Amino acid sequence: MGELNLAELWSPIRLTIELAFVTTILLLVIGTPLAWWLARSKARWKEAVATVVAMPLVLPPTVLGFYLLLLLGPNGPGGVIAGLYGARTLAFTFSGLVIGSVLYSMPFVVQPIRNAFEAFGDRPLEVAATLRASPWDTFWSVAVPLARPGFMSGAILGFAHTIGEFGVILMIGGNIPGQTKVLSVAIYDYVETQQWTQAHILSAGMVVFSFAVILATMTLGKRFGQSGR
Amino acid sequence: MSGHAREISMALAGPLGSFSLDVDFKMPMRGITALFGPSGCGKTTILRCMAGLQRLPGHFIVGEETWQDSARGIFVRTHQRPIGYVFQEASLFQHLSVRQNLMFGARRAGDAPADDALSFDGIVDLLGIGHLLDRSPAALSGGERQRVAVGRALLSRPRILLMDEPLSALDRMTKEEILPYFERLHKSLAMPIVYVTHDIGEVARLADTMVLLDKGRVVASGPLAELQTDPSLPLIAAPEAAVMIEGRVDSIDEVYALTSFAVPGGVLIVPGRQGAKGVVRRLRIAASDVSFTRTAATDTTILNCLPARVVSVDGHANEAQVNIVAALGGDGKGARIAARITRKSLDALTLAPGTPVFAQIKSVALVK
């Protein structure tokens with residue numbers, strides 16, 4: 001039984017929140033244009049792209065983690081990029097975790113935003129064009145506000161899913177305190193070393209957090225679902 | 001494009017569903033032009049092409065501005081065309097209030113000088129939407145939404161207003177509530193309006209010019225009254241066939257409460273006091289309300305018995321009724337009216353083109 005060390009407990013929590021925060025921001029930046037393209041493009045191969053985006057939903061996290069390890073490692077493109085600033089690899093770093101999390105949580109962000117973009121159809125965009133709004137103007141003044149519920153649930157799901165991530169992180173992040181040792185890995189660690197109190201505190205915290213997130217998503221969905229029309 | 005600066009020219013050719021669209025017509029730069037035809041005749045496609053929302057080879061020239069000319073590779077994108085567009089469903093932005101909806105186009109229209117009729121207050125007043133400004137679109141009735149949509153389009157200071165069946169999604173009561181506003185638009189705005197509809201009643205009340213469409217082709221186009229009395233067109237044979245005539249109030253009989261309207265080739269009497277002398281109103285005469293006599297009847301309850309001349313007689317040999325076009329005035333040079341009578345009466349009175357007759361008009365309705 002290890003002694004209860006609050007700083008040691010807090011470190012993985014802070015790291016996890018940081019990771020989820022950065023990942024969610026990046027996902028909104030990357031996912032929004034991607035969702036827009038998936039919702040509006042008439043390209044025949046867009047469903048192939050959508051499938052690639054959705055694959056983390058079914059792939060075992062270890063598979064994704066394995067390929068990421070190759071890509072981010074010293075012999076992959078990630079190693080080349082790391083070389084630019086004097087590092088050897090992107091694997092086992094916080095940046096590597098962010099890249100992995102972005103790919104892993106992508107479907108949870110892109111799908112709701114895409115659905116929201118598809119839900120209002122062409123009409124509001126046509127109306128905006130007849131009122132002199134350029135496509136760029138229309139995107140910000142009409143499409144994004146109308147898709148707000150999609151952005152909300154996308155952001156919440158992306159954030160929450162990143163927090164619950166385990167397999168991918170174990171493969172590409174390892175277990176470096178303060179750098180890659182996130183919540184789920186820490187819990188695993190505590191259990192392995194039979195530190196039940198610490199495992200209990202973190203696990204119960206996750207249960208409460210998950211409950212709050214799902215409840216929030218559902219309430220939001222209901223509220224917007226009603227006032228949407 | 002000099003020489004035709006005061007007209008609108010439209011030509012399109014291309015595939016449209018199961019048939020092809022091939023139209024080429026001109027419209028005046030004033031008043032309401034109705035694109036009229038059955039569902040699927042291509043009228044909405046034409047309007048969408050005018051707005052640049054859809055693209056088919058052809059040209060669209062409004063006065064001196066060319067918005068599309070495929071031969072010269074010109075295609076102005078929708079947001080760069082100074083048009084106003086009213087969709088079938090009001091399509092207000094749900095995330096904005098009524099006022100924000102109205103300002104959406106106005107803010108982007110640039111600083112073109114707005115005359116009084118097109119100012120914010122002017123439009124709000126014209127459409128009677130002042131009390132709705134701070135509401136959400138979700139809290140409006142169907143008729144109110146459509147009025148706001150019209151206001152929103154007008155506030156973007158268009159050169160031309162395009163309306164795609166703006167009343168067809170509304171019930172009869174709401175239509176009757178909105179039509180007077182449209183008539184006010186017609187009266188107070190100088191800009192041309194293109195109005196797509198499949199309802200001849202709306203054409204009768206609003207249109208000055210009509211483009212008659214069928215299966216992607218222009219069947220006829222021209223002033224409304226001309227098309228309504230053209231025996232070669234299907235309008236005259238329709239069950240609700242009627243003719244619109246512009247009349248000017250000539251005198252009012254205070255004792256009997258009747259108003260006399262001067263129309264080309266005669267005077268028509270309408271019940272009620274219908275405005276001051278000189279006011280121009282639109283009168284509607286249904287073909288089923290017109291009958292003929294060879295001599296002037298003196299013992300009839302029908303007020304309007306006018307000398308006229310038969311212009312044309314059309315009908316099939318085995319059908320009960322025939323369609324007649326007659327021109328008012330003893331010389332047959334006045335306004336044309338349509339009539340539906342039985343073939344038996346036609347033979348009994350031996351009516352033929354040129355025959356002098358008296359037209360008995362059972363009722364004359366004011367449409368605006």
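These figures come from a predicted structure and were not determined experimentally. Along each chain, residue indices are assigned from 1 in the same order as the chain's sequence is written. Chains carry letters from A onward and ligands carry numbers from 1 onward, assigned in written order. Restriction of local features to residues with pLDDT of at least 70 applies here, the model being predicted, together with a cutoff of 80 or more for giving and counting side-chain atom pairs; totals for whole chains, interfaces and linings are based on all residues.

Check the secondary structure of chain A and you find 11 helices and 0 strands. Each helix and strand of chain A, placed in order from N terminus to C terminus, yields the pattern α-α-α-α-α-α-α-α-α-α-α. Overall, chain A is about 70 × 45 × 30 Å in size when its C-alpha atoms are taken along their principal axes. Considering only intrachain contacts with a sequence separation of at least 6, the fraction spanning at least 24 residues in chain A is 71%. Put simply, DSSP marks the helices as runs of H or I at least four residues long and the strands as runs of E at least two long, and each gets a number from the N terminus on. Contact definition: two residues whose C-beta atoms, as placed from backbone geometry, lie within 7 Å.

The next subject is the overall build of chain B. A count of helices and strands for chain B gives 8 helices and 21 strands. For 368 residues, the compact-globule estimate of 2.2 N^0.38 gives 21 Å, and chain B sits close to it at 23 Å. Counting only C-alpha atoms, chain B reaches 65 × 50 × 40 Å along its principal axes. Looking at the 368 residues of chain B, the share that counts as buried comes to 41%. Of the contacts made within chain B by residues no fewer than 6 positions apart, 65% connect residues no fewer than 24 positions apart. C-alpha atoms define the radius of gyration in this analysis, and the globule rule sets the expected value at 2.2 Å times the number of residues to the power 0.38. Buried means a residue has 20 or more other C-beta atoms within 10 Å of its own C-beta, exposed means 12 or fewer, and partly exposed covers the counts in between; C-beta atoms are placed from the backbone.

Attention shifts here to the sheet that holds strand β17 (residues 304-314) of chain B. Residues and elements named next belong to chain B. Two strands are counted as paired when DSSP detects at least two bridges linking them. The antiparallel open sheet is built from 5 strands, whose spatial order is β16-β20-β17-β18-β19. Each having just a single partner strand, β16 (290-293) and β19 (336-342) make up the two edges of the open sheet. With direction set aside, neighbouring strand axes in the sheet form an average angle of 45 degrees. Of the strand pairs in this sheet, strand β18 (residues 321-328) and β19 are connected by 7 bridges, and their pairing is antiparallel. When the sheet's bridge partners are listed, I324 is paired in β19 with A339. Every axis corresponds to a line fitted to the C-alpha atoms, with the helix fit spanning only the stretch in contact, and the corresponding angles, defined between N-to-C directions, vary from 0 to 180 degrees.

Residues and elements named next belong to chain B. Relative to the elements of secondary structure, V23 occurs in strand β2 (residues 19-28). Considered as a pair, V23 and G216 are 193 residues apart in the sequence and their alpha carbons are 7.0 Å apart. Excluding residues within four positions of it along the chain, V23 makes contact with M10, A11, L12, I46, R217 and V218.

All names here are of chain B. A rise of 1.5 Å per residue sets the reference length of helix α5 (residues 172-188), with its 17 residues, at 24 Å; its end C-alpha atoms lie 25 Å apart and thus fit the reference within 8%. Think of it this way: the bend at a residue is just the angle between two axes, each fitted to seven residues, one set ending at that residue and the other starting at it. Along α5, the helix axis deviates most sharply at I178, where the bend reaches about 25 degrees; the proline P180 sits within four residues downstream. Here α5 has its buried residues at K175, I178, F182 and L185. Residues of α5 that are buried in the fold lie against α3 (120-127), α4 (142-155) and α6 (200-206). Expected helix span is given by 1.5 Å per residue-to-residue step, counting one fewer step than there are residues.

A separate point is the domain arrangement of chain B. Residues and elements named next belong to chain B. Per the annotation, domain bounds derive from an automatic or database assignment of domains. Under the domain assignment, chain B is made up of domain 1 (7-228) and domain 2 (242-366). When each unit is reduced to the centre of its C-alpha atoms, the spacing between domain 1 and domain 2 is 34 Å. Counting residues at the interface gives 4 residues for domain 1, matched by 8 residues for domain 2. Ranked by residue count, the leading element in the side of domain 1 that touches domain 2 is helix α7 (residues 224-228), at 3 residues.

What follows is about the environment of G216 of chain B. Residues and elements named next belong to chain B. For G216, the location among the structural elements is in the loop between β10 (209-214) and β11 (217-223). Accessibility expressed as a C-beta count within 10 Å gives 24 for G216, which makes it buried. Not counting chain neighbours up to four residues away, the residues in contact with G216 comprise L16, F19, S20, L21, D22, C41 and G42.

Before going further, it helps to spend a moment on the interface of chain B and chain A. Taken together, the contact between chain B and chain A spans 18 residues of the former and 15 residues of the latter. For the side of chain B that touches chain A, the element with the most residues is helix α2 (residues 98-108) of chain B, which contributes 3 residues. Classification used: nonpolar for Ala, Val, Leu, Ile, Met, Phe, Trp, Tyr, Cys and Pro, charged for Asp, Glu, Lys and Arg, polar for all others including Gly. Split by residue class, the side of chain B that touches chain A holds 9 nonpolar, 7 polar and 2 charged.

Time to look at the packing of α4 of chain B against α5 of chain B. How two helices pack is summed up by the angle between their axes together with the distance between the axes. Residues and elements named next belong to chain B. Where α4 contacts α5, the two axes come as close as 9 Å, and the packing angle between them is 25 degrees. Between α4 and α5, the crossing angle belongs to the class labelled roughly parallel. Considering only the axes of α4 and α5, their crossing is right-handed. Of α5, the residues touching α4 (which contributes G142, G143, Q146 and R147) are T174, E177, I178 and Y181. If an angle is under 35 degrees, it is roughly parallel; if it is over 145, roughly antiparallel; if it lies from 65 to 115, roughly perpendicular; otherwise it is oblique. For any helix crossing, the convention is left-handed if the near helix is rotated counterclockwise from the far helix by under a right angle, and right-handed if that rotation is clockwise.

A few words now on helix α8 (residues 148-163) of chain A. Along its 16 residues, α8 of chain A runs 23 Å from first to last C-alpha, staying within 8% of the 22 Å computed at 1.5 Å per residue. Among the residues of α8 of chain A, those classed as buried are P149, G150, S153, G154, L157, G158, F159, A160, H161, T162 and I163 of chain A.

Bringing the nonpolar core into the picture now. Ranked by size, the top nonpolar core spans 155 residues in total, and within it L162, I285, A326, I337 and A359 of chain B carry the most contacts. Ranked by residue count, the leading element in this core is helix α5 (residues 94-119) of chain A, at 12 residues. Composition of this core by domain shows at least three residues from each of domain 1 (7-228) and domain 2 (242-366) of chain B. If near-sequence neighbours (up to four positions away) are discounted, L162 of chain B is found in contact with L47, M50, A51, I83, G84, Y85 and V194 of chain B. Joining buried Ala, Val, Leu, Ile, Met, Phe, Trp, Tyr and Cys residues through C-beta atoms within 7 Å gives a set, and that set is a nonpolar core.

For the rest of this paragraph, the subject is unusual backbone geometry. The phi dihedral of R132 of chain A falls on the positive side, at around 75 degrees, and the residue is not glycine. Within the secondary structure layout, R132 of chain A lies in the loop between α6 (123-130) and α7 (135-146). The backbone of R157 of chain B shows a phi angle near 50 degrees, a positive value even though the residue is not glycine. If you trace the backbone, R157 of chain B turns up in the loop between α4 and β8 (160-164). For R157 of chain B, a count of 21 C-beta atoms within 10 Å corresponds to the buried category.

Here the focus is the confidence of the model for chain B. Confidence of the predictor in every single residue is expressed as pLDDT, which spans 0 to 100. For chain B, the average pLDDT comes to 90, and 96% of its residues sit at 70 or higher. Taken together, the chains of this predicted complex give a pTM of 0.85 and an interface ipTM of 0.85.

All names here are of chain B. Overall, antiparallel pairing links the 5 strands, which are arranged β14-β13-β12-β15-β21 in an open sheet. For this open sheet the edge positions go to β14 (266-271) and β21 (365-366), each flanked by a neighbour on one side alone. Here 5 bridges tie strand β12 (residues 242-253) to strand β13 (residues 258-263), and the two strands are oriented antiparallel to one another. When the sheet's bridge partners are listed, R248 is paired in β13 with A262.

Looking now at the packing of helix α3 (residues 61-72) of chain A against α5 of chain A. All names here are of chain A. Running from N to C, α3 and α5 point in directions that differ by 135 degrees, and their axes come no closer than 11 Å. Here α3 lies oblique to α5, going by the angle between them. You can see that α3 and α5 cross each other, and the crossing is right-handed. Contact with α3, carried on its side by P61, L64, L68 and L72, involves G96, I99, G100, L103 and Y104 of α5 and no other residues of that element. Considered class by class, the residues forming the contact of α3 with α5 number 7 nonpolar, 2 polar and no charged.

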